[in-house]
Each structure stands twice: as C-alpha cells, then as structure tokens.
Amino acid sequence: MTVPTRNDYVVRAIRPDDWEKVKQLRLDALRDPIAHLAFLETYEDAAARPDSFWQDRAVGSGEGSTTSLQFIAEAPDGTWAGSVTVLVEEAGTKDWAGYPVDRRQGHMVGVFVRPEHRGNGLVEALFEAGVAWAWEQQAERVRLFVHEENARAQAAYRKLGFGPSGRIVSFTKDEAENELEFVLEPPA
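Conventions used here
- The numbering scheme is per chain: residues are counted from 1 as the chain's sequence reads.
- The predicted nature of this model means local features are confined to residues of pLDDT at least 70 and side-chain atom pairs, given and counted, to a pLDDT of 80 or more, with totals for whole chains, interfaces and linings taken over all residues.
- As a rule here, side-chain values cover all heavy atoms of the structure and leave hydrogens and water aside.
- What counts as a helix is a DSSP run of H or I of at least four residues, what counts as a strand is a run of E of at least two, and both are numbered from the N terminus.
- C-alpha atoms define the radius of gyration, and 2.2 Å times the number of residues to the power 0.38 defines the globule rule.
- Accessibility here uses a 1.4 Å probe with only protein chains present; expressed as a share of the type maximum, an area under 20% marks a residue as buried, one over 50% as exposed, and anything in between as partly exposed.
- Residue contacts are counted whenever heavy atoms from the two residues lie within 4.5 Å of one another.
- Note on areas: these come from Shrake-Rupley sampling with a 1.4 Å probe, and a residue is covered only by the protein chains present in the view.
- By the counting rule applied here, Lys and Arg register as positive and Asp and Glu as negative, while His and the ends of each chain are not counted.
- Here the site of a charge means atom NZ of a Lys, CZ of an Arg, CG of an Asp or CD of a Glu.
- Each cavity reported here is a set of points on a 1 Å grid over the protein atoms alone in which a 1.4 Å probe fits but cannot get out, each pocket an open set with protein on both sides within 12 Å along at least five of seven lines, and each lining residue one with an atom within 4 Å of a point.
- Grid points are joined across faces, edges and corners, and a volume is the space filled by probe spheres set on the points.
- Think of it as three bins: nonpolar holds Ala, Val, Leu, Ile, Met, Phe, Trp, Tyr, Cys and Pro, charged holds Asp, Glu, Lys and Arg, and polar takes everything else, Gly as well.
- The pairing test for Phe, Tyr and Trp rings, Trp by its six-membered ring, is centres within 6.5 Å, and the orientation test on the planes gives stacked under 30 degrees, edge-to-face over 60, and tilted for anything in between.
- A ring is considered to have a charge above it if a Lys NZ or an Arg CZ atom is located within 6 Å of its centre and within 35 degrees of its normal.
- Residues belong to one nonpolar core when they are buried, are Ala, Val, Leu, Ile, Met, Phe, Trp, Tyr or Cys, and are joined through side-chain atoms within 4.5 Å.
- Note on definitions: salt bridges are taken to be side-chain nitrogens of Lys or Arg within 4 Å of carboxyl oxygens of Asp or Glu.

Caption draft 1: Inspection of the overall build of the chain at higher detail. When its secondary structure is counted, the chain shows six helices and seven strands. Each helix and strand of the chain, ordered N terminal to C terminal, gives the series β-α-α-α-α-β-β-β-α-β-α-β-β. Relative to the 2.2 N^0.38 estimate, which gives 16 Å for 188 residues, the radius of gyration of the chain is 16 Å and therefore close to what a compact globule would have. In terms of overall dimensions, the chain has a C-alpha envelope of 45 × 40 × 35 Å along the principal axes. Considering the chain as a whole, with its 188 residues, one finds that 47% of them fall into the buried category. Restricting the contact set of the chain to residue pairs at least 6 apart, pairs at least 24 apart contribute 62%. Carbon and sulfur atoms form 51% of the exposed surface of the chain, whose accessible area is close to 9,500 Å². Separation of charge centres in the chain, based on 21 positive and 31 negative side chains, amounts to 1 Å.

Rendered as structure tokens:
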C-alpha cells in the first residue's frame, strides 16, 4: 500500500453544505487519545449539540468568511484527513482567556490530523493554508496555544516556525495545568 504524501490531498476551506462532515471530523478528533490535552470541549458536549450548531459553524467558518476559516485536508478517497481553523482576533479586544489583544492576529485552533494520516507533511499543508489566509487578512502575527504536556504538538509547531512567546495561561479544564502560547511572525 502506498502512503499518501501531502501533495495527494486537497486542502480547502469548508463550505456551508459540509456541516455534517465538520461535525463528524470534530467528534472523531474528540475521541483521539490526547483530546483531553488538545481540545477545550468534550466528546459528550459536542455530540449533544444540535445540527443547527454545526450548520452555523460551517457557515461562520466557511468559504467567504473574513473572521474565521476552517481548512480541511481531503484524502484521495474523499475522506477528511485533518483540519485547522484560523480565527481573526482584532486589536483592542480581549481574547478567550481575558487578555488584551494588542494587534490584529490569526489564532490557530482545532488542529487535528487523523492518526493514519500523520507523519506525511499533512499538518504542514494545513498550516500553510491557514497561515497564508491569516496574512491575507492582514494579521500581524499568528498564534496558537498548546498544552504544556503535549510534546508531539509542540515539536510539530516548532518545525512549522512557531515558537514560545513566554505567555502561559491556565488550562481551562484544570487550572493546575498550563497552555503555552506559540507565535509566528510574518515573513520579513
């Protein structure tokens, strides 16, 4: 069996009519063994959401949005192999943790690649699309948060050019644990 490379996938923004696949991919991500470190919601909470929630999500972060965009990687057989969402945070607002946002920035969230599609460059392809879109939205930097114990994700983000900013926030699920902010500055 030939393992697909990143060039075998189609990376694109979701469309409003993709809402059922958006829901399924999120539920699958929340079943991942490290989901408790990577996501702020639980499988049970997400599964209990009505279809209208997923429909609204697919519209709000789908093609044409200028405030958030979810990118998916579609495998050659049509299955969704992974996803990342980029939120635009405006200067002068407060972020999800209550900190002031000093400059317009992209915020990468919901990063997930199915285990059978990991290690082939797919996360890089998703991030390239997401970061490019953030720059198109005039973001002055791109950031993400990663749990202090999620070494695999930290290594992947470093490989993509992100580095720790020094900001540490309490993990919302357990304030005794921390999340680290990683940032990427625009190319010179």
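What follows picks up the thread again.
Caption draft 2: Spatial organisation of the layout of surface pockets. Considering only enclosed or pocket space, the largest pocket measures out at about 1,200 Å³ in volume. In this structure, the largest pocket is lined by 47 residues; those nearest its centre are Phe39, Val109, Gly110, Val111 and Phe112. If you list the elements that add at least two residues to the lining of the largest pocket, you get α1 (19-29), α2 (35-38), β2 (68-74), β3 (80-89), β4 (105-113), α5 (122-136), β5 (142-147) and α6 (151-159). Taken together, the residues of the lining of the largest pocket sort by class into 24 nonpolar, 13 polar and 10 charged.

Caption draft 3: Quick look at the packing of aromatic side chains. On inspection of all chains with the given rule, the structure shows four aromatic pairs. Measuring from centroid to centroid gives 5.7 Å for phenylalanine 127 and phenylalanine 162, while their planes differ by 90°, and the two rings are edge-to-face. On the criterion of sequence distance, the pair formed by phenylalanine 127 in helix α5 and phenylalanine 162 in the loop between α6 and β6 (163-171) is long-range, its members being 35 residues apart. Residue class for phenylalanine 127 comes out buried when judged on its relative accessible area of 2%. In this structure an aromatic cluster arises from ring pairing among Phe127, Tyr157 and Phe162. In this arrangement the basic side chain of arginine 167 is found over the ring face of tyrosine 99, its NZ or CZ atom lying 4.4 Å from the centre.

Caption draft 4: Inspection of the nonpolar core at higher detail. Counting residues in hydrophobic clusters, the biggest one holds 30 residues, and the most contacted among them are Met108, Phe127, Leu144, Tyr157 and Phe162. Counting residues per element, the ones that place at least two in this core are β2, β3, β4, α5, β5, α6 and β7 (174-184). In terms of residues, this core owes the most to one element, α5, which gives seven residues. Each residue touching phenylalanine 127, except ones within four places of it in the same chain, is listed here: Val84, Met108, Val111, Leu144, Tyr157, Leu160 and Phe162. Counting 15 residues, the second largest nonpolar core, distinct from the first, contains Ala29, Leu30, Trp80 and Phe112.

Caption draft 5: Expanded view of the pattern of salt bridges. Following the criterion strictly, the structure yields 16 salt bridges and no others. In this structure, glutamate 41 engages arginine 26 in a salt bridge whose closest nitrogen and oxygen atoms are separated by 2.7 Å. Taken together, the positions of glutamate 41 in the loop between α2 and α3 (43-47) and arginine 26 in helix α1 put the pair 15 residues apart, joining distant regions of the chain. Classification of glutamate 41 as buried rests on a relative accessible area of 12%. Close ionic contact of arginine 49 with glutamate 41 constitutes a salt bridge, the shortest N to O distance being 3.4 Å. With a relative accessible area of 30%, arginine 49 lands in the partly exposed category. Taken together, the salt bridges that share partners define one network made up of Glu89, Asp95, Arg141, Arg143 and Glu181.

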